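Observations on chain architecture
Spelled out, the chains give:
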Amino acid sequence: MLKNAREKLPTPEKGEDRFQIPKVKGQIEGSKTIISNFNQIADTLRRKPQHLLKYVLKELATPGTFRKNAVIFGSKLAASRINEKIQQYAEEFVFCKECDKPDTKITKEGEVYYMKCQVCGARYSFHSKI
Ligand SMILES: [Zn+2]
């Protein structure tokens with residue numbers, strides 16, 4: 001009986017209650033793209049904005065700099081392209097590969113990154129060009 005009851009409980013699918021990455025808020029100004037909530041996104045991911053920006057700039061092959069809390073990209077970019085790269089960054093540097101939670105810590109030793117998950121305790125190393 002107990003077993004049956006438990007089996008009837010809905011079990012969340014992997015990813016269903018997944019941590020949501022905020023979407024960029026941006027506007028085009030002339031030939032530049034200004035993202036006003038870049039630092040907030042980095043904060044939510046608990047990563048350094050500089051690190052996130054370095055990754056995004058490299059992936060989009062565009063220049064960009066910080067201006068207070070905003071980031072100014074030196075070209076016209078669709079918000080969806082920036083969101084895509086932030087998502088990609090999160091897959092690489094934030095989400096645990098074992099349990100998919102964002103509660104991870106990254107350390108870097110030489111060229112190697114180490115990710116330690118605060119939830120399931122998984123620890124592994126990976127290489128990245130940034
Ligand atoms: Zn984990």
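Note that the structure is a prediction, hence the values are computed from the model and not measured.

Going through the model one piece at a time under the given rule, you end up with eight aromatic pairs. Aromatic pair Phe-93 and Phe-126: ring centres 5.5 Å apart, planes at 65°, arrangement edge-to-face. One end of the pair, Phe-93, is in helix α4 (residues 79-93); the other, Phe-126, is in strand β7 (residues 123-127), and 33 residues separate them in sequence. You'll find Phe-93 and Phe-126 in the same group, each marked buried. Put simply, the rings of Tyr-55, Tyr-89, Phe-93, Tyr-113 and Phe-126 pair up and form one aromatic cluster.

If you walk through the whole model with that rule in mind, you get two salt bridges. Here Arg-46 makes a salt bridge to Asp-103, at a shortest N to O gap of 2.8 Å. Pair noted here: Arg-46 is in the loop between α2 (38-45) and α3 (49-60) and Asp-103 is in the loop between α4 and β5 (104-109), with a separation of 57 residues, a long-range link. Glu-59 is the partner of Lys-85 in a salt bridge, and the nearest nitrogen-oxygen pair spans 3.6 Å. Residue Lys-85 is found in helix α4, and its partner Glu-59 is found in helix α3; the two are separated by 26 residues along the sequence. Classification of Lys-85 by relative accessible area gives buried; the value is 12%.

Calculation notes
Residues numbered from 1 in each chain as written. Predicted model: local features only at pLDDT ≥ 70, side-chain atom pairs only at ≥ 80, totals over all residues. Heavy atoms only, no water. Phe/Tyr/Trp six-rings, centres within 6.5 Å; stacked < 30°, edge-to-face > 60°. Helix = DSSP H or I, 4+ residues; strand = E, 2+ residues; numbered from the N terminus. Buried < 20%, exposed > 50% of the residue type's maximum accessible area, 1.4 Å probe, protein only. Salt bridge = Lys/Arg side-chain N within 4 Å of Asp/Glu carboxyl O.

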